[in-house]
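The primary structure of each chain is shown beneath.
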Amino acid sequence: MQNFDSDLDTLTTMKLDQHPTGRHFLQIPGPSPVPDRILRAISLPTIDHRGPEFGALGLKILAGLQQVFQTVHPVIIYPASGTGAWEAALVNTLSPGDAVLMFETGHFAALWQRLALRLGLVPEFIGNAGRDAAGLPLSWRHGVQADQIEARLRLDAGHTIKAVCVVHNETSTGVTSDIAAVRRAIDAAGHPALLMVDSISGLASADYRHDAWGVDVTVSGSQKGLMLPPGISFNALSSKAIAASKTARLPKAFWAWDEILAMNATGYWPYTPSTNLLYGLSEALDMLQETGLPAVFARHQRWAAGVRAAVRAWGLEIQCNDPAVYSPVLTGVVLPVGVDADAVRKLIHERFDLSLGTGLGQVKGRMFRIGHLGDCNDLTLMAALCGCEMGLKLSGVALAGSGVTAAMDHFSAHAAGAVSPASA
Ligand SMILES: *Cc1c(COP(=O)(O)O)cnc(C)c1O
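Computed from a predicted structure; not experimentally measured. (Residues numbered from 1 in each chain as written. Predicted model: local features only at pLDDT ≥ 70, side-chain atom pairs only at ≥ 80, totals over all residues. Heavy atoms only, no water.)

Caption draft 1: Molecular detail of the nonpolar core. Within the largest apolar cluster, 86 residues are counted, with the highest numbers of intra-cluster contacts made by Ile 77, Tyr 78, Ile 149, Val 164, Met 196 and Leu 281. Here this core gets eight residues from one element, more than from any other, and that element is helix α10 (residues 275-291). Each of two domains, domain 1 (8-34 + 292-423) and domain 2 (38-290), supplies a minimum of three residues to this core. Filtering out sequence-adjacent residues up to four positions away, Ile 77 remains in contact with Ile 61, Leu 62, Leu 65, Ile 232, Ser 233, Phe 234, Trp 269, Tyr 271, Leu 278 and Leu 281. Ranked by size, the runner-up nonpolar core spans 31 residues in total, among them Val 311, Cys 320, Leu 335 and Phe 368. (Core = buried A, V, L, I, M, F, W, Y, C linked by side-chain atoms within 4.5 Å. Buried < 20%, exposed > 50% of the residue type's maximum accessible area, 1.4 Å probe, protein only. Helix = DSSP H or I, 4+ residues; strand = E, 2+ residues; numbered from the N terminus. Domains from an automatic or database assignment. Contact = heavy atoms within 4.5 Å.)

Structure (structure tokens):
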């Protein structure tokens, strides 16, 4: 007990030192800053999850989610992080030893592949091997290459590959992928594999169309574009995915869709759902509906273009090297060879109370990530860019010019509400 008290004291003192005044700048690409309106909704009293009010809340949320995923099919909600929903997608549809084709776009694609392996699947991880002049893995700078998927599926005449799994917005690199092109590639090869997509960080920030793009399972989470705290995650389904779940033989109990779908018909769950996070989700869905999805997507494109203008003015490299697939959600900033990006990031955190995303896996120490999603606006992003510019200078990184000035020029020249071209 004594130890616990002294730990608590240390924590409190630390917090006071780090947050003297004002708000912490949470500019990581998830968890994203949560709007006060959502925090207030979450603070309401917890209700009976079997009581009469709850069913109405459940039905409202399930219908609202369909609009965000752009689907008429069911969406499952799990009281789990995105990783749980990754597992749910695989265990509901596949059997032990099934071959799965996955494309390497970065750290999150690699983690999903490792999870598949641990479940007893046989993932084949394709992409472009090797590193470029900046020392970055080639496959971590562009999106999924649908032609490579088509070529691989054409070789699989016996249809041993049961699913194609790709990441829509690769949060470790700041690159999106053309999911419609992946669907066309599967169809062009005449292959029956299921298409599963991780849009954990893309949903409700980058345009995403579950039905129009022919996706069988979309995996998503609460703490990125949906502007909620971490803690809930999703599987959006297709009829083909539901049919596959009837014969799939990987063990599943907690994650099984069937009992959840049956209870969801009246707005309830087979277990205790995350009641207060669902209040938050209800509020988030209202906010997205009030703004309209096209305006939400345009807002993120505009922020991303402003941040990229800053990175270019600094003379630093944007990790994504294909302008057609720049992420609207985050930007990966590559630092010159020899600079420890994590040291710069830590200095920025200590000096300016600004959190930036770390370089993950194979790009650790080479880059940092600026998140531009959630409850942001021009001025919060300007503050974040100021923190970056000061931190880069203090770290002795030679900058070509002022990114802050470039971003100010961008934001003042492009009024909010005007749509910037995706590739700017
Ligand atoms: C955040 C994220 C995950 C992991 O989600 P958790 O909620 O941390 O389990 C997986 N994939 C992508 C693309 C992500 O951005």
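Caption draft 2: Geometry of helix α3 (residues 52-69). Look at α3: 27 Å from first C-alpha to last across 18 residues, which is about the 26 Å you get at 1.5 Å a residue. Turning to α3, its buried residues are Phe 54, Gly 55, Leu 57, Gly 58, Ile 61, Leu 62, Gly 64, Leu 65, Val 68 and Phe 69. On its buried side, α3 packs onto β2 (75-78), β9 (217-221), β10 (233-236), α9 (257-264), α10 and α11 (293-314). In the stretch just after α3, Gln 70 is the one whose phi turns positive, near 55 degrees. (Expected span 1.5 Å × (residues − 1).)

Caption draft 3: Quick peek at the environment of Val 363. On the secondary structure map, Val 363 appears in the loop between β13 (354-356) and β14 (367-371). It is 22 Å that separates the C-alpha atoms of Val 363 and Ala 313, two residues lying 50 residues apart in sequence. Once residues within four sequence positions are removed from consideration, Val 363 is found in contact with Leu 136, Pro 137, Trp 140, Ser 172 and Gln 319.

Caption draft 4: Structural view of the packing of helix α4 (residues 82-93) against helix α5 (residues 107-118). At their nearest, the axes of α4 and α5 sit 10 Å apart, and the two run at 50 degrees to each other. Relative to α5, the element α4 lies oblique. Once α4 is placed against α5, the crossing between them reads as right-handed. Taken together, the residues of α5 that come into contact with α4 (itself represented by Thr 83, Trp 86, Glu 87 and Leu 90) are Phe 108, Leu 111, Trp 112, Leu 115 and Ala 116. When the residues that make up the contact of α4 with α5 are grouped by side-chain class, the tally is seven nonpolar, one polar and one charged. (Axes fitted to C-alpha atoms, helices over the stretch in contact; angles between N-to-C directions. Parallel < 35°, antiparallel > 145°, perpendicular 65-115°, else oblique. Left-handed = near helix turned anticlockwise from the far one by under 90°. Nonpolar A, V, L, I, M, F, W, Y, C, P; charged D, E, K, R; others polar.)

Caption draft 5: Spotlight on the domain arrangement of the protein. By domain assignment, the protein separates into domain 1 (8-34 + 292-423) and domain 2 (38-290). Contacts between domain 1 and domain 2 engage 35 residues on the former and 40 residues on the latter. Carbon and sulfur atoms make up 59% of the area that domain 1 and domain 2 hide from each other, which totals about 2,900 Å². Area buried by domain 1 at its contact with domain 2 is led by Val 34, Phe 297 and Gln 362, which between them contribute 21% of it. Scanning the region where domain 1 abuts domain 2 turns up 16 residue pairs in polar contact (both at pLDDT 80 or more). Breaking the side of domain 1 that touches domain 2 down by element, the ones donating at least two residues are α11, β11 (317-318), β12 (330-334) and β14. Of all the elements, α11 adds the most residues to the side of domain 1 that touches domain 2, at four residues. (Buried area = accessible area lost by both parts, 1.4 Å probe. Polar contact = N/O pair within 3.5 Å; in protein donor to acceptor, adjacent residues only side chain to side chain.)

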